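Analysis of the macromolecular model
One letter stands for each residue in the lines below.
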Amino acid sequence: MKDIDERFQKNRDRTVPLREELRPRTVTTPDGQEILIEPLKDYFCEAAPKVHPKAYFQIVENFYNWARANSLWILGFGTGCGAIEMRPLMTPRFDAYRYGVQWRPTPRQANLLIISGYLSVKTLKRAIRAYEQMQGPKYVIGLGSCTINGGMYWDSYNTIKRLDAYLPVDLYIAGCMPRPEALLAGFMELKKLIRAGKAEGANKYAENFATYKAAQKSVIKDWDMPDYNW
Amino acid sequence: MTPQPGFQWIQILYALATLFVVLNYGLLMTALVQKIAARVSGRHGIPIWQNYVDLVKNFALRSQISHGVMYYMGPIFRLSGGIGLLLFVPTIYGLPWAQNFSFAGDLILALYFVFFGTLGMALGAGESGHPHSAIGVSRGLSQTTAAELPLALAVYAIAVQYHTLNIPQIVAAQQGGIAHWTLITNPLATIAAMFAYVGTMMRAPFDVVLAPQEIPIGPPTEYHSAYMALMQTNRAIFPVAKTVVYMNLFFGGASNWLEFALKVFALYLIPAIIGVVHPRFRVEQSIRFFLKWGLPVGVLAILVV
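Figured I'd write up the structure that's included with this text.

Some thoughts on the overall build of chain A
Looking only at helices and strands, one finds seven helices and seven strands in chain A. Going from N to C terminus, chain A has its helices and strands arranged as β-β-α-α-β-α-β-β-α-β-β-α-α-α. Overall, chain A is about 55 × 45 × 35 Å in size when its C-alpha atoms are taken along their principal axes. Of all 230 residues assigned to chain A, the portion counted as buried reaches 37%. In chain A, once contacts between residues fewer than 6 apart in sequence are set aside, the share between residues at least 24 apart is 78%.

Printed below as a string of structure tokens:
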């Protein structure tokens, strides 16, 4: 079954016009100069992501991986109902800070993107932007059944069903919804993956960039951003 | 180029050793204070070595992007503000290798270095082009300027009191027991300076600059990877260096590393404890607070002296 149901989305081949604020325009500055503004070119970088090699010495890479595993900075980005399960992790009952897990408010400083539940097409666009702004190595956790097979939204007209097709997922936590304990267990599993050097999602994304973009564009119809935007 | 009189090359090694001690002390102490704040809210908090791991992690990130020259220089200015403040102030009174590069007018230079990092950061964060950075910078500059006023007045007051701008001489004048500290001999100046101390430590109620919930997270929004690591290094060094200045000026300095560790920790706990029990001021509220309460105390300190 395709991610976006044909029955619900009419006119799939219709081109969506660019939003007005994103169209190129000329602006007269206060000192009388005329400048051309092209928002899509001025505000974004269009360089494609690169595959970054590991450290030359294995022992250095292992040390780095140990540090990465013990300093997981989560992007405070909540989609769906799972976001409510992430909040208790900061509270005295679960206290994820003990395990080196911290929250960062900006994608620039975060390493871990948790897609916490169903992802509507509209939110997928934001999730992609947030993911691309993060600095590698970066990890993605799919939380809940909705990210695995659509869960209870399996026949929804506007949510994606397999997160894996759009972003490189390192780890799924199954459940509807998984409890905070399951999230903590998931962090421990992710740490094992990172320490074993198996969490190379950022490089996987760069290697299969064309495939991922094609999948993303097949569901996002109003694609009003460059292919790669940091 | 001939070196300054009294300069010896070994001083550079000594200064680096001081820097090393202060860096490790700062990393551990800020983690400990975070643990204390976590205990207040009933959690265990981060492991005590978490700051080291974060630092290594940030240096180990593989990709980084730049927004231009000033963006690149921002963290460097910030770090040189912290290191400069530390290196031109004697860390331990009477310990030859911890005298750093203090000289006759170092009090004025220290005042300058307290502000230097903020200005560098403003330029760097401004170039990153993120609206949250710009908001954070404008808030930070106005709040820091207001908070520094009582400190400047307190510094003038004690410069008049001790007839010198030389920090080692000010520390020397305070030796011989707690009764000789500026805290006792000039309490008004100390209180005025403590307003500035609490106000510039980036803790509640004066943390609207970073404001993680509303303008995530202010000036450093766009900073990441190694830039972020440099700023974390500064976040370990700068509060300790600033506390050393306050300790030297008002609390009798320190004559050994143990006294240094205890005094800096005790001073650092003041804003930390105020922070965990107070909500956040808006920027106009904090400016009004400093002008209403900090500034008159500072003026009074000068008048009394």
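Okay, back to it.
Here we look at the interface of chain B and chain A
Interface extent is often summarised as the accessible area lost during association of the parts. In this assembly, 28 residues from chain B lie in contact with 19 residues from chain A. Going through the elements one at a time, helix 2 (50-60) and helix 9 (225-250) of chain B are the ones with two or more residues in the side of chain B that touches chain A. Top contributing element to the side of chain B that touches chain A by residue count: helix 2 of chain B, with six residues. When the residues that make up the side of chain B that touches chain A are grouped by side-chain class, the tally is 13 nonpolar, ten polar and five charged.

Some thoughts on the pairing of strand 2 (residues 34-37) of chain A
Residues and elements named next belong to chain A. Inspection of the sheet shows strand 1 (residues 25-28) paired to strand 2 by four bridges, in the antiparallel sense. Counted as the bridge partner of Val 27 is Ile 35 from strand 2. Here strand 1 hands over to strand 2 after five residues, with Gly 32 in that stretch at a positive phi of 90 degrees.

Considerations on the environment of Arg 179 of chain A
Structurally, Arg 179 of chain A is set in the loop between strand 7 (171-173) and helix 5 (180-195). With 35 residues separating them in the primary sequence, Arg 179 of chain A and Gly 144 of chain A have C-alpha atoms 9.7 Å apart.

A word on the environment of Gln 232 of chain B
All names here are of chain B. Mapping Gln 232 onto the fold places it in helix 9. On a C-alpha basis, the gap between Gln 232 and Arg 280 in space is 23 Å, while along the polypeptide they are 48 residues apart. Not counting residues within four places of it along the chain, the set of residues in contact with Gln 232 comprises Asp 54, Leu 55 and Asn 58.

Describing the packing of helix 3 (residues 69-87) of chain B against helix 4 (residues 106-127) of chain B
All names here are of chain B. It is the contact of helix 3 with helix 4, at a shortest axis distance of 7 Å, that shows an interaxial angle of 165 degrees. Relative to helix 4, the element helix 3 lies roughly antiparallel. Helix 3 and helix 4 meet at a crossing whose hand is left-handed. Across from Met 70, Tyr 71, Met 73, Gly 74, Pro 75, Phe 77, Arg 78, Gly 81, Gly 82, Gly 84 and Leu 85 in helix 3, the residues of helix 4 making contact are Ala 110, Phe 113, Val 114, Phe 116, Gly 117, Gly 120, Met 121, Leu 123, Gly 124, Ala 125 and Glu 127. Residue composition of the contact of helix 3 with helix 4, by class: 13 nonpolar, seven polar and two charged.

As for the nonpolar core
Ranked by internal contacts, the top residues of the largest apolar core, which has 104 residues, are Leu 112 of chain A together with Leu 85, Ala 154 and Ala 193 of chain B. Sorting elements by how many residues they give to this core places helix 9 of chain B first, with eleven residues. Apart from the residues within four sequence positions on either side, Ala 193 of chain B is in contact with Pro 150, Leu 151, Ala 154, Tyr 246 and Phe 250 of chain B. By size, the runner-up hydrophobic cluster in this structure holds six residues, among which are Tyr 227, Met 228, Ala 229 and Met 231 of chain B.

Considerations on unusual backbone geometry
Negative phi characterises most residues that are not glycine, and trans characterises most peptide bonds. Put simply, Gly 136 of chain A and Pro 137 of chain A share a cis peptide bond, and its omega is -10 degrees. Tracing the backbone through its elements, the reader meets Pro 137 of chain A in the loop between helix 4 (121-133) and strand 6 (139-143). With an omega of -15 degrees, the peptide bond running from Cys 176 of chain A to Met 177 of chain A counts as cis. Residue placement: Met 177 of chain A occurs in the loop between strand 7 and helix 5. Phi angles above zero are rare outside glycine, and Asn 100 of chain B is one such case at about 55 degrees. The exposure class of Asn 100 of chain B is buried, given the 20 C-beta atoms found within 10 Å. Positive phi is not limited to glycine here, since Met 202 of chain B has a value of about 60 degrees.

Points about the packing of helix 8 (residues 187-199) of chain B against helix 11 (residues 283-304) of chain B
Residues and elements named next belong to chain B. Running from amino to carboxyl end, helix 8 crosses helix 11 at an angle of 155 degrees, the nearest separation of the two axes being 7 Å. Relative to helix 11, helix 8 is oriented roughly antiparallel. The way helix 8 lies across helix 11 gives a crossing that is left-handed. Between helix 8 and helix 11, the contacting residues are Leu 188, Ala 189, Ile 191, Ala 192, Phe 195, Ala 196 and Gly 199 on the first element and Ser 286, Phe 290, Trp 293, Gly 294, Val 297, Gly 298, Leu 300, Ala 301 and Val 304 on the second. Among the residues forming the contact of helix 8 with helix 11, the class breakdown is twelve nonpolar, four polar and no charged.

Looking at the pairing of strand 5 (residues 112-115) of chain A
Residue and element names in this part refer to chain A. Side chains Leu 112 and Ile 114 of strand 5 all project onto a buried face; the interleaved residues Leu 113 and Ile 115 project onto the opposite face, where all are buried too. Of the pairings in the sheet, the one linking strand 5 to strand 6 comprises four bridges and is parallel in character. Paired with Ile 115 across the strands is Gly 142, a residue of strand 6. For the crossover that starts at strand 5, traverses helix 4 and ends in the parallel strand 6, the hand is right-handed.

Criteria and thresholds
Residues numbered from 1 in each chain as written. Chains lettered and ligands numbered in written order. Predicted model: local features only at pLDDT ≥ 70, side-chain atom pairs only at ≥ 80, totals over all residues. Helix = DSSP H or I, 4+ residues; strand = E, 2+ residues; numbered from the N terminus. Buried ≥ 20, exposed ≤ 12 C-beta atoms within 10 Å, placed from the backbone. Contact = placed C-beta atoms within 7 Å. Nonpolar A, V, L, I, M, F, W, Y, C, P; charged D, E, K, R; others polar. Pairing = 2+ DSSP bridges. Axes fitted to C-alpha atoms, helices over the stretch in contact; angles between N-to-C directions. Parallel < 35°, antiparallel > 145°, perpendicular 65-115°, else oblique. Left-handed = near helix turned anticlockwise from the far one by under 90°. Core = buried A, V, L, I, M, F, W, Y, C linked by C-beta atoms within 7 Å. Right-handed = clockwise from strand over helix to strand, strands pointing away.

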